[in-house]
Amino acid sequence: GNSVTQMEGPVTLSEEAFLTINCTYTATGYPSLFWYVQYPGEGLQLLLKATKADDKGSNKGFEATYRKETTSFHLEKGSVQVSDSAVYFCALRGGKIIFGKGTRLHILP
Amino acid sequence: DAGVIQSPRHEVTEMGQEVTLRCKPISGHNSLFWYRQTMMRGLELLIYFNNNVPIDDSGMPEDRFSAKMPNASFSTLKIQPSEPRDSAVYFCASSLDQTPTDTQYFGPGTRLTVL
């Protein structure tokens, strides 16, 4: 069946550091891929998505590229801010959506 | 624009009591999802509806849990009787439809504590 694996956290970085959160998937067919973010005390909200191979999703300085050859959708940001501290979820949707376990990110000032 | 609305935001109850969580999806969305989030198990899909019809309830833990969607603008998740292990944050989400490209929009969640 379909599955999503993302790197375990927590990830702790200093402000302005480069961020990568790895996400790989297993799927049949042609799923869409998503990154959601959850700030403390809130529900998940969409950060970016890509619906077909080689698509790049981007938002708020974050980006991720749908790589079919490596079955990956890694999240990157060139310079993180304290306000980026949150939990990030990689997700796949073929039929129903499947979420990874989440990666907690701490950014130190 | 109103997002997904959930009530109550917090619920504290005693073991054995009935608990009802409520959700109002975004107007015009045809799919509605109920999730449970805990530290141990992460985010779990409990059930989802499309056009008010339950499509997949394989994530519902046991018979104590039930969900209904009587119309396009309202859904409930009921736990009867509640147990301490049901303590979690319950999220409702909606999407335009159930196609793979559709984004899910989450409510703020209900934090349930069962004593």
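Residues numbered from 1 in each chain as written. Chains lettered and ligands numbered in written order. Predicted model: local features only at pLDDT ≥ 70, side-chain atom pairs only at ≥ 80, totals over all residues. Heavy atoms only, no water.

1. Digging into the state of the cysteines
Any covalent bond linking the sulfur atoms of two cysteines counts as a disulfide. Tallying each qualifying case throughout the model produces two disulfides over all chains. A disulfide bridge connects A:Cys23 with A:Cys90, and the sulfur atoms are separated by 1.9 Å. Note on the A:Cys23 and A:Cys90 pair: the S-S dihedral is about -70°, so by sign convention the disulfide is left-handed. Highlighted residues: A:Cys23 in strand β4 (residues 23-26) and A:Cys90 in strand β10 (residues 86-93), separated in sequence by 67 residues. We note that A:Cys23, like A:Cys90, is buried. Disulfide partner of B:Cys23: B:Cys92, at an S-S distance of 1.9 Å. When the S-S torsion is -65°, as for the bridge of B:Cys23 with B:Cys92, the disulfide is left-handed. Here B:Cys23, found in strand β3 (residues 19-24), pairs with B:Cys92, found in strand β9 (residues 88-95); they are 69 residues apart in sequence, far enough to count as distant. (Disulfide = S-S within 2.5 Å. Helix = DSSP H or I, 4+ residues; strand = E, 2+ residues; numbered from the N terminus. Buried < 20%, exposed > 50% of the residue type's maximum accessible area, 1.4 Å probe, protein only.)

2. Some remarks on the nonpolar core
Counting residues in each nonpolar core, the largest one holds 26 residues, and the members touching the most others are A:Trp35, A:Leu47, A:Leu48, A:Phe73, A:Leu75 and A:Tyr88. Every element with two or more residues in this core is listed here: β2 (11-14), β3 (19-21), β4, β5 (32-38), β6 (44-50), β8 (62-65), β10 and β12 (103-108) of chain A. Ranked by the residues each element gives to this core, the list is headed by β10(A), at four residues. Here A:Phe73 is in contact with A:Cys23, A:Leu33, A:Phe34, A:Trp35, A:Leu48, A:Lys49, A:Ala50, A:Ala64, A:Thr65, A:Tyr66 and A:Cys90, once residues within four sequence places are set aside. Of all hydrophobic cores here, the second largest spans 21 residues; its members include B:Phe65, B:Ala67, B:Leu77 and B:Tyr90. (Core = buried A, V, L, I, M, F, W, Y, C linked by side-chain atoms within 4.5 Å. Contact = heavy atoms within 4.5 Å.)

3. Examining the pattern of salt bridges
One pass over the structure, following the stated rule, counts 11 salt bridges over all chains. Between A:Glu63 and A:Lys56 there is a salt bridge, with its nearest N and O atoms 3.6 Å apart. The class of A:Glu63 is partly exposed, set by a relative accessible area of 31%. Judged by its relative accessible area of 51%, A:Lys56 falls in the exposed class. In this structure, B:Glu62 engages B:Arg85 in a salt bridge whose closest nitrogen and oxygen atoms are separated by 3.3 Å. On the criterion of sequence distance, the pair formed by B:Glu62 in the loop between β6 (53-56) and β7 (65-71) and B:Arg85 in the loop between β8 (74-79) and β9 is long-range, its members being 23 residues apart. (Salt bridge = Lys/Arg side-chain N within 4 Å of Asp/Glu carboxyl O.)

4. Comments concerning the sheet that holds β3(B)
Residue and element names in this part refer to chain B. As summarised here, the arrangement of the four strands in space is β1-β3-β8-β7, forming an open sheet in which the pairing is antiparallel. Edge strands, defined here as strands with exactly one partner in the open sheet, are β1 (5-7) and β7. Going across the sheet, the axis of each strand differs from the next one's by a mean of 15°, ignoring polarity. (Pairing = 2+ DSSP bridges. Axes fitted to C-alpha atoms, helices over the stretch in contact; angles between N-to-C directions.)

None of the figures reported here should be taken as evidence of function without further support.
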